[in-house]
Amino acid sequence: MTTGNLSIRIPLDSDESLWNSLVSHPLQSWAWGEFRKSMGITVVRLLVLENEKPTDAWQVSFHRVPKLPYTIGYFPKGPTPDDFMIEELGKIGRKNNAIFIQIEPNVLSDFKFQIENFKLLLPSHHPLFTKYTFILDITKSEEELLKSFHPKTRYNIRLAEKRGVKIAEDNSDSAFEEFVRLSKETTERQGFYAHNKTYQQTLWKIFSKNHHARLFTATYEGKTLAAWIMFVFHDTLYYPYGASSRDHRDVMAPNLMLWDIIKWGKQNGITSIDLWGALGPPPAGGSNEKDPWYGFHRFKEGYNPKLIEFIGSYDLVFQPLLYSLYKLTDTIRWKVLNFNK
């Protein structure tokens, strides 16, 4: 399919390396698409060519609406929307009977994106990714990094070391089972919603196969206190999944975990760590302390990362009446879930 000097084609399996070289985030990686397909989700991949040379890659998943013949598309962490993208997404959206496609570009807010230029694009009803994240530059020396941390964070790292907490990269089956166990414990304790064991097993099987994911554990007196899965993509580490025990919280295992992962990254050519989400800056005269994610935000903040803002989340709507019904039912659903916590 061609528009001017731009065209698209469906990639072949042999295009995996090319694909990964063109995308900028693990959720656009070839492995992520394989994972979603393994979970029974329709995945559409499109290679964008300019004068027949591959210049970009788009990966969109389509999720069935229960008991209805419609889908909802999701396009996370792709490039900036433009007329060509919107046109092509419209074609695949309608082909997959989508009510809308949610687009969450991996584009910083200093890019002046004009949503009004696209008549079918609306601010998302329910963004899935936070608009903010923390990025930690680890190209500095270990001494410089430690000095930049919050004094309490440095204290907790030294305390964990003194108490004998051990951090290790451990990609074994037994370590993964510990992650699953701790993940269940963490979500029950915090009251958050989490993926089930099948989701975790499938993701780990696909991502660990090509070393796109690594598992780190923190142990104390022979017991695993924390387990984190880190994505490795290009020169960046990502922290999407962390789990911890309620036991021995006084030994500050997570603080040492992140510090040792920073050192692991430096040794393996990593230049930055994306801490996978953050709260935005506090409103004038106030704070985010009442937000349920404030504890995670404060923990990450102790490592002196840079707060990054993206351009936001948008819904490319094809069926306005069904979209209005979806917004209503989704709002009611989340109110019920939060009420039943």
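Here is a short report on the structure shown in this document. (Residues numbered from 1 in each chain as written. Predicted model: local features only at pLDDT ≥ 70, side-chain atom pairs only at ≥ 80, totals over all residues. Heavy atoms only, no water.)

Okay, the side chain of Ser272 next. Residue placement: Ser272 occurs in strand 13 (residues 272–274). Taking relative accessible area as the criterion, Ser272 reaches 14% and is therefore assigned buried. Side-chain polar atoms of Ser272 contact the side chain of Thr236, separated by 3.2 Å. Contact partners of Ser272, with chain neighbours within four places excluded, come to Ile135, Leu136, Ile138, Asp235, Thr236 and Leu237. (Helix = DSSP H or I, 4+ residues; strand = E, 2+ residues; numbered from the N terminus. Buried < 20%, exposed > 50% of the residue type's maximum accessible area, 1.4 Å probe, protein only. Polar contact = N/O pair within 3.5 Å; in protein donor to acceptor, adjacent residues only side chain to side chain. Contact = heavy atoms within 4.5 Å.)

For the rest of this paragraph, the subject is the sheet that holds strand 8 (residues 132–137). Sheet strands pair via backbone hydrogen bonds, and the direction of the pair is either parallel or antiparallel. If you walk across this open sheet you meet the 7 strands as 9-10-11-12-13-8-14, and the pairing is mixed. The open sheet has two edge strands, strand 9 (166–169) and strand 14 (306–309), and neither has a second partner. In this sheet, neighbouring strand axes are inclined to one another by 30 degrees on average, regardless of whether the strands run parallel or antiparallel. Pairing of strand 9 with strand 10 (residues 213–220), which is carried by 4 bridges, proceeds in the antiparallel orientation. Its bridge partner lying in strand 10, Glu169 is registered against Phe216. The strands touched by helix 8 (residues 253–267) within the sheet are strand 8, strand 9, strand 10, strand 11 (223–233), strand 12 (236–244) and strand 13, with strand 11 carrying the most contacts at an inclination of about 35 degrees. (Pairing = 2+ DSSP bridges. Axes fitted to C-alpha atoms, helices over the stretch in contact; angles between N-to-C directions.)

Taken as a whole and judged by the stated rule, the model has 1 cavity of 30 Å³ or more. Here the largest cavity is characterised by a volume of approximately 60 Å³. His25, Lys77, Asn106, Phe129, Thr130, Tyr132, Thr133, Asp274, Trp276, Gly277 and Phe310 together form the lining of the largest cavity. Here the lining of the largest cavity is composed, by residue class, of 4 nonpolar, 5 polar and 2 charged. (1 Å grid on protein atoms, 1.4 Å probe; cavity = no way out; pocket = protein on both sides within 12 Å on 5 of 7 lines; lining within 4 Å. Points joined across faces, edges and corners; volume = space filled by probe spheres on them. Nonpolar A, V, L, I, M, F, W, Y, C, P; charged D, E, K, R; others polar.)

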